[in-house]
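Chains, contacts and geometry: an overview
Below are the chains, spelled out letter by letter.
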Amino acid sequence: MATKQSTELKELKNLISDRFDRLDGKVEKLTEKVDSIDKRLVAVETKVDSTEKRLGTVESKLPDISEKFGELKNWRQIAFIIIAGVVGWFARSTRF
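So, here's what we can say about the structure. (Residues numbered from 1 in each chain as written. Predicted model: local features only at pLDDT ≥ 70, side-chain atom pairs only at ≥ 80, totals over all residues. Heavy atoms only, no water.)

A word on a positive patch on the surface
Taken together, the side chains of R19, R22, K26, K29 and K33 make up a positively charged region of the molecular surface. By the secondary structure assignment, K29 is in helix 1 (residues 2-71). Given a relative accessible area of 56%, K29 falls into the exposed group. (Patch = residues over 30% accessible without salt bridge, like charges linked within 9 Å, V, L, I, M, F, W, Y side chains within 5 Å. Areas by Shrake-Rupley, 256 points an atom, 1.4 Å probe, with all protein chains shown as cover. Salt bridge = Lys/Arg side-chain N within 4 Å of Asp/Glu carboxyl O. Lys, Arg positive; Asp, Glu negative; His and termini not counted. Charge placed at Lys NZ, Arg CZ, Asp CG, Glu CD. Helix = DSSP H or I, 4+ residues; strand = E, 2+ residues; numbered from the N terminus. Buried < 20%, exposed > 50% of the residue type's maximum accessible area, 1.4 Å probe, protein only.)

Take a look at the structure:
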């Protein structure tokens, strides 16, 4: 009877050990995924920061640009809007 209990305890110990090994493997995979997500987040934050800097530059120049645009004659304003629209349309149509 003692050997039966001993073998059952060994089996239980092996089962628990196997489960912990599986759990360790899953934790390692999750850790790798979190590290990957962290790296992607850093890249996204870098892109957002650079975009915000560029946007700040554009915002600071907008009053000057709008003033110069307002000084143009009406036909030049219309031509500029049409050209900008066509360029924008081509730019959007080339992206898939």
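Back to the write-up after that little detour.
Points about a negative patch on the surface
On the surface, D18, D21, D24, E28, E32, D35 and D38 cluster together into a negatively charged patch. With respect to the helices and strands, D24 occurs in helix 1.

Looking at the side chain of Q77
Here Q77 shows up in helix 2 (residues 74-94). Its relative accessible area of 18% is what places Q77 among the buried residues. Discounting residues that sit within four places of it in the chain, Q77 has contacts with F69, G70 and L72. (Contact = heavy atoms within 4.5 Å.)

A short note on a nonpolar patch on the surface
Taken together, the side chains of L9, L12, L15, I16, F20, L23 and V27 make up a nonpolar region of the molecular surface, amounting to roughly 650 Å² of accessible area. With respect to the helices and strands, F20 occurs in helix 1.

A few points about helix 2
Over its 21 residues, helix 2 extends 30 Å from the first C-alpha to the last, a length consistent with the 30 Å expected when each residue adds 1.5 Å. Judged by how many residues are buried, helix 2 sits mostly at the surface: one of 21 residues are covered. (Expected span 1.5 Å × (residues − 1).)

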